[in-house]
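Survey of secondary and tertiary structure
Here are the chains, one letter per residue:
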Amino acid sequence: MEIYQLEILRELGTLGSVTAVADSLRVTPSAVSQQLTALQRGFRAPLTRRAGRTLVLTEAGHALARAGTGVIEAMAAAAGAVEAFEQEPAGIVTVSGFHSASQAIFGGLLGELRSVEAAPDLRLSDEDVAQEEFPLLTASYDLVIAHRLEHSPPWPEAGLRVIPLAQEPLDVALPAGHPLTDKDHLTPSDVAGEAWVTSRAGYSPDDLLGAIAAVADRSVKVVHRINDYGSVASIVATGDAIGMVPRYTVGSALAGLELRPLRGVNATRAIDLLTRPETLHRRSVQVTVTALRTAMSRLVLAGEARR
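It should be emphasised that the depicted structure is a prediction, and the values quoted were computed from it without experimental measurement.

All right, on to the pattern of salt bridges then. On inspection of all chains with the given rule, the structure shows 10 salt bridges. For the salt bridge of Asp171 with Arg247, the shortest nitrogen-to-oxygen distance reads 2.7 Å. On the criterion of sequence distance, the pair formed by Asp171 in strand 6 (residues 161-175) and Arg247 in the loop between strand 9 (243-246) and strand 10 (257-260) is long-range, its members being 76 residues apart. Accessibility assignment for this pair places Asp171 and Arg247 in one class, buried. For Lys183, the salt bridge identified is with Asp190, shortest N-O distance 2.8 Å.

Structure follows, in structure tokens:
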């Protein structure tokens, strides 16, 4: 039993003929008859009967039509509630970001929304997961700030919308006074022989070290594995190891470090916003997406200015 079938049954009781119902709904009489036949399959009692050449409702049909009117009204109310919810700019929006992005962008996001009248009510959280797990977070959050290296598999297309925010280089972080700071850029051969601090296996930028080792044709010595870029930066600053840090989102942790771009391997990650298609129908989510894009643009400009 479908809402459309109940609407047809109600109209038949009101208008009195299949032809009149077809004219009212702007369909063919045959289409009306097919829907009534499909509806009848769900009931043992006849819903319609012939009165001469006209099809009319039986008592059971009238009973169902009356009950159906309540269902139709409830569905219309539900649709209206959804439409109002989608158009409400001040609704609750849940946002998740991986650690370095959340540290860098959440403050800017909140700052952008302060100037928005009836701004969304944000619920912020951080989630540091492997790349393949980011799409799964859209089941728990409206918007998910995610990252992936450009050479890694793309995000799945089914049931997911991807909104690009930035292409962020990962630079080699060196302590002040390190001999490699004399160079404007570095190659895998320059850095492969150094001691490294990097992320745990399965996370970025550890996957880049494999590419560095392959291009340099030598193994890379990893002495520390830490997933927090602030901690990575503090270790690099001591001179104990070198590392790789994102150019835009690591923020104040770069103080006292020297960054150099790495050439010879693709050391760029995409920062994307992941969401489910239906979520983007909400006005509150659209407003948040716009603010996120603006906040990210400001980080990019600031990051390039530091170079």
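Read on for the rest.
The subject of this paragraph is the packing of helix 5 (residues 99-113) against helix 9 (residues 283-306). At a minimum axis distance of 8 Å, the contact between helix 5 and helix 9 shows a crossing angle of 120 degrees. Relative to helix 9, the element helix 5 is oriented oblique. The handedness of the crossing between helix 5 and helix 9 is right-handed. In contact with Ala104, Ile105, Gly108, Leu109, Glu112 and Leu113 of helix 5, helix 9 contributes Val287, Thr288, Ala291, Leu292, Thr294, Ala295, Met296, Arg298 and Leu299. When the residues that make up the contact of helix 5 with helix 9 are grouped by side-chain class, the tally is 10 nonpolar, 3 polar and 2 charged.

Of all 7 residues in strand 5 (residues 143-149), 7 are buried; the element is thus mostly enclosed. Taking every second residue as pointing to the same face, both faces of strand 5 are buried, with Leu143, Ile145, His147 and Leu149 on one and Val144, Ala146 and Arg148 on the other. With 6 bridges connecting them, strand 5 and strand 11 (residues 268-275) associate as antiparallel partners. Residue Ile145 lies in a different strand from strand 11, and its bridge partner there is Leu273.

Here, UniProt's "domain: HTH lysR-type" (unreviewed entry) annotation points to residues 1-58. As annotated, residues 1-58 comprises 57% helix and 14% strand, and the C-alpha atoms at either end are separated by 18 Å.

This part takes up helix 5. Along its 15 residues, helix 5 runs 21 Å from first to last C-alpha, staying within 8% of the 21 Å computed at 1.5 Å per residue. If you look at helix 5, its biggest bend is around 40 degrees, right at Ile105. Every buried residue of helix 5 is accounted for by Ser100, Ala101, Ser102, Ala104, Ile105, Phe106, Leu109, Glu112 and Leu113. Packing partners of the buried residues in helix 5 comprise strand 3 (92-97), strand 4 (121-126), strand 5, helix 8 (229-238), strand 11 and helix 9.

Moving on, we come to the domain arrangement of the protein chain. In terms of domains, the protein chain is made up of domain 1 (3-85) and domain 2 (89-306). Between the C-alpha centres of domain 1 and domain 2 the distance comes to 56 Å.

Conventions adopted
- Residues numbered from 1 in each chain as written.
- Predicted model: local features only at pLDDT ≥ 70, side-chain atom pairs only at ≥ 80, totals over all residues.
- Heavy atoms only, no water.
- Salt bridge = Lys/Arg side-chain N within 4 Å of Asp/Glu carboxyl O.
- Helix = DSSP H or I, 4+ residues; strand = E, 2+ residues; numbered from the N terminus.
- Buried < 20%, exposed > 50% of the residue type's maximum accessible area, 1.4 Å probe, protein only.
- Axes fitted to C-alpha atoms, helices over the stretch in contact; angles between N-to-C directions.
- Parallel < 35°, antiparallel > 145°, perpendicular 65-115°, else oblique.
- Left-handed = near helix turned anticlockwise from the far one by under 90°.
- Contact = heavy atoms within 4.5 Å.
- Nonpolar A, V, L, I, M, F, W, Y, C, P; charged D, E, K, R; others polar.
- Pairing = 2+ DSSP bridges.
- UniProt positions renumbered as here; feature names shortened; annotations may be inferred.
- Expected span 1.5 Å × (residues − 1).
- Bend = angle between axes of the 7 residues up to and from the residue.
- Domains from an automatic or database assignment.

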